[in-house]
Structures are given as C-alpha cells and as structure tokens.
Amino acid sequence: MNKYLSKGEYAAFISLMYLSYLLVRGASKKERSSFLLLVGIYIFSIFLQGFAIGLFYFGVQHYIDDSSSGYITKVLSYIPFDFTKVEQLVISLTPAIFLLVLSSKVLSVSRVGLSRLVLRLRDALLTKYKESTYIVSSDDDETFYKNMDGTFGAMRALFLNAFVFAQAFVSLCALFYFEPSIALFNVFCLLAFMFVLTKVKPKKQGSNSAKETQKDAMEAAAEAAAEMEGVGISSKSFERLERMRIYGRNATNIVLFSSVAVGVVLSLEFLTSLDKLTLSLFLLRYVANVYTPIAVISASCVPFKSNIITLINIENYLKAWERKPASELPVKRALLFIAKSFGERALFSEPETTEEAKSKYRDILGVEKVRVVTATFSKDYPRERRAIKKFVDVQVRPTDRLFFLV
C-alpha cells in the first residue's frame, strides 16, 4: 500500500509515519517507555473528551425530553431552585465544558513531551550515524545531516497532531455505532483523499521549476517545525504549505457537506432525531479534522522526501543485515548504496569516472573490491522489506559489508 500511496510529491505522509514507527521501535527502553506514557496521556485525554461528548449528548436529550435523562433530573432535584429549560441546559452542559478544558490541559502535557521526544530521537540518530562506520558522507558535505532538521521538523508536526488523528479514530468508531452508513462514507472519503494526494504536483513557475536550492530546503525545515503551531513565516516554501492547507480545508468542508447529504438520504433518524443529528455532526467535525494536517505535513515533507526514504531504507537494510549470523572473516568487498544527497554521486553514474570513484572508495574503505548496488537509493517510495531481506540473504556474502553513501 505504501508503494502506491507515497508516489506523489505530496504523499510522503505515510513514509513519515513509517519512519516514526521505525525510530520509536529502535529507541532505548527509556525512550519507548516515555513514548508509551505520552500515548497513555493521549488516550486518557481522549476518554475525557469522549465522556464530555456523552454528557453533552445527554444534556441536549434532557432539553428535548425531560424524562429521557433521569440522572440530570435527579441532579437538578438537589438544587433548591426552579430553572427554565435553557438554564437547565446550561447547567447540564457545565460538566462537559469542564472536562473539555481539563482534557486540553492534559493534552498540552503530552504535546510538550512528544516535542521533546522527537528532538531526542533526532539527536540519537545523528550520533548513531556520525559514529557508525557504515554511513559515509562526502568531504565537507553536510547536506544529508542538514536535511534531517527538516525531516524531524515534519515528524514533530506529525507528533503534535497525533491527537487529531487519535480523536478522529475514536469519533469514527463512535460514528459506526450511531450512523454506520455515514462512517463508511467517511472511510471511503479518506482513502480517496490519500489517493488524490498522490496525484498533486508542486506548482512550478518559469525558471523556478528546477530543484530547490539548499537555502529553500533550510527555510522549509523551519516551517515544517513551526507551521502547525501558527507561527507566521514568509517564504516560497510557506506558500506551498499554505496552498496545501487550503486544499485540506476544502476537502474538510466537502466531506462534511457530503456526509450530511448521505445522512439525509440513508438515515431517517438523522432527520427526525435532534439529539442524534447534533451528536453525529459533532463526531463528523472531529473525523473531518484530519484532512488539513495530512495535507500540510505532506507538503512540509516535499524538500526532504528523499531524506525520509533514505533513512527508512538504511534502517531496514541494517536490520536485515544484523539478523545474519556474525562472521569473523575479513571484509573483502564493499556494497555501496548511494543516496541522492551524496555529493560525489555523479562520479559513480558517469562511465568515464566510475572506475576512478571505485578506486577512491576502495582505498577509503580499505577493501579489495567495490560493488555499487544502487546509485538511486532514494526512489519515490521505500523499498519493500521482503525484497531487502531476500537481497541480504541471497546476495550478501560473509566477507561483504554494507556502506551507505549519504
């Protein structure tokens, strides 16, 4: 599925989620425990919001029919005053509002923790790669490591919006209980949105259709980290993010309107029950909130998509290689995987300079032979783990060693 959904320029969202999963899974026990704790806080906050929605539902139900919500009538009976219907509604909704405020406070604790966790994951990965003998970069070329700032900026935006996705998932499950037809329609809309996202191409203007310069990439790195927090930044890259934000908002409005139309056509209770209608619209709003973050985060990944895919491929190749039985035989052959960000990549792709490049890296790596496995290591989507495992099991000898030229 990832092969198809991550092909477009703005469809790196799934690859970014997959990279986040790989990094969290490979992190230390302390970091994984911290992640699980923060996720637990997320879940607790969702339950608070769900309980608040339930109170909201029963409050409206009591406003419509006094006999439908006995607990509210019982609570009001302890207050020695007579209230109008509107006043009773306000009193019954007060606990729901309190729980919503409390859940936002709990959520802020998780957001801060997740933001710090992303920074720790970034520092750990940078240390791991810079100290590793398997990762090789060109002299005085820090492009790969600088692009990591943008990659982890987008990951930070993903983590900070994790509550939106979790909230939408819970709301969708609740919607399946109340209005299954509308819930199925929203699942279809989300899949259609992700498919359309793979077809969206960046807007190019005249001479600006060339590849982004490093300056543009670094500007986008800051935007990827700050955009979802509402920080105003003026640049060419921000224009791209703003276009996709509008695209996401338009998708949200279309899905909401279409869901109401589907509810009117397929569900009689959707029209005749005011409390059912109110709750369904409430849940639909939460479900539809996912479109804008998906579009914006995908756009923020555009300058760093090859970096994201390179990181995923490196992690998967290393995992597959580490599973092979250890060999004490001396290394004789280096298998080279060359990323797009590698400064001397052109030397391996030009026939007249290939042998010179191989000779140079034979000396640098201290091996007898050099085999370029691929000079296009960062394609449009990550390589399948099954293909990686087959390559490592079948083609990698005990005297071989993998090197990633980044």
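Residues numbered from 1 in each chain as written. Predicted model: local features only at pLDDT ≥ 70, side-chain atom pairs only at ≥ 80, totals over all residues. Heavy atoms only, no water.

Caption draft 1: Geometry of the environment of alanine 124. Along the chain, alanine 124 falls in helix H5 (residues 85-131). Assessed through its relative accessible area of 46%, alanine 124 is described here as partly exposed. (Helix = DSSP H or I, 4+ residues; strand = E, 2+ residues; numbered from the N terminus. Buried < 20%, exposed > 50% of the residue type's maximum accessible area, 1.4 Å probe, protein only.)

Caption draft 2: Focus on the side chain of asparagine 307. Structurally, asparagine 307 can be placed in helix H14 (residues 305-322). Take asparagine 307: its relative accessible area is 3%, and that puts it in the buried class. Among the polar contacts listed, one links the side chain of asparagine 307 to the backbone oxygen of phenylalanine 144, at a separation of 3.3 Å. The contact partners of asparagine 307, leaving out residues within four places of it in the chain, are Phe144, Asn147, Met148 and Thr151. (Polar contact = N/O pair within 3.5 Å; in protein donor to acceptor, adjacent residues only side chain to side chain. Contact = heavy atoms within 4.5 Å.)

Caption draft 3: Just the packing of helix H2 (residues 13-25) against helix H6 (residues 143-160), in detail. H6 packs onto H2 with a crossing angle of 90° between their chain directions and a minimal axis gap of 10 Å. As judged from the angle between their axes, H2 and H6 are roughly perpendicular. Contact residues: Phe13, Leu16, Met17, Leu19, Ser20, Leu23 and Val24 in H2; Thr151, Phe152, Ala154, Met155, Leu158 and Phe159 in H6. Tallied by class, residues from the contact of H2 with H6 come to 11 nonpolar, two polar and no charged. (Axes fitted to C-alpha atoms, helices over the stretch in contact; angles between N-to-C directions. Parallel < 35°, antiparallel > 145°, perpendicular 65-115°, else oblique. Nonpolar A, V, L, I, M, F, W, Y, C, P; charged D, E, K, R; others polar.)

Caption draft 4: The arrangement of helix H16 (residues 351-365) in detail. Taking 1.5 Å of rise per residue, 15 residues should cover 21 Å, and H16 covers 21 Å from first to last C-alpha, within 8% of that figure. Listed in full, the buried residues belonging to H16 are Thr353, Thr354, Ala357, Lys358, Tyr361 and Leu365. Looking down the long axis of H16, one finds its buried residues gathered within 145° of arc, a one-sided arrangement. Exposed side chains of H16 directed beyond 90 degrees from the buried face belong to Glu352, Glu355, Glu356 and Asp363. If you follow the buried residues of H16, they end up packed against strand E1 (135-136), strand E2 (333-338), helix H15 (345-349), strand E3 (369-374) and strand E4 (400-405). Directly beyond the C-terminal end of H16, a positive phi value near 70° is found at glycine 366. (Expected span 1.5 Å × (residues − 1). Arc of directions from axis to C-beta.)

Caption draft 5: Geometry of the pairing of E2. Burial runs high along E2: six of the six residues are buried. A two-sided burial pattern is seen for E2, the buried positions comprising Arg333, Leu335 and Phe337 on one face and Ala334, Leu336 and Ile338 on the other. Two strands pair when backbone bridges link them, and E2 and E4 are joined in this way by six bridges, in the parallel orientation. Looking at E4, one finds that leucine 335 is bridged to leucine 402. (Pairing = 2+ DSSP bridges.)

Caption draft 6: Highlighting the nonpolar core. The biggest cluster of nonpolar side chains holds 92 residues, and the ones touching the most others in it are Tyr129 and Phe404. The greatest single-element share of this core, amounting to 11 residues, is contributed by H5. Among all residues touching tyrosine 129, those that are not within four sequence positions of it are Ile135, Phe144, Tyr145, Met148, Leu311, Ile314 and Glu315. The next biggest cluster of nonpolar side chains, apart from the first, holds 13 residues, and it includes Leu336, Phe342, Ala357 and Leu365. (Core = buried A, V, L, I, M, F, W, Y, C linked by side-chain atoms within 4.5 Å.)

No statement about biological role is implied by the geometric values presented.
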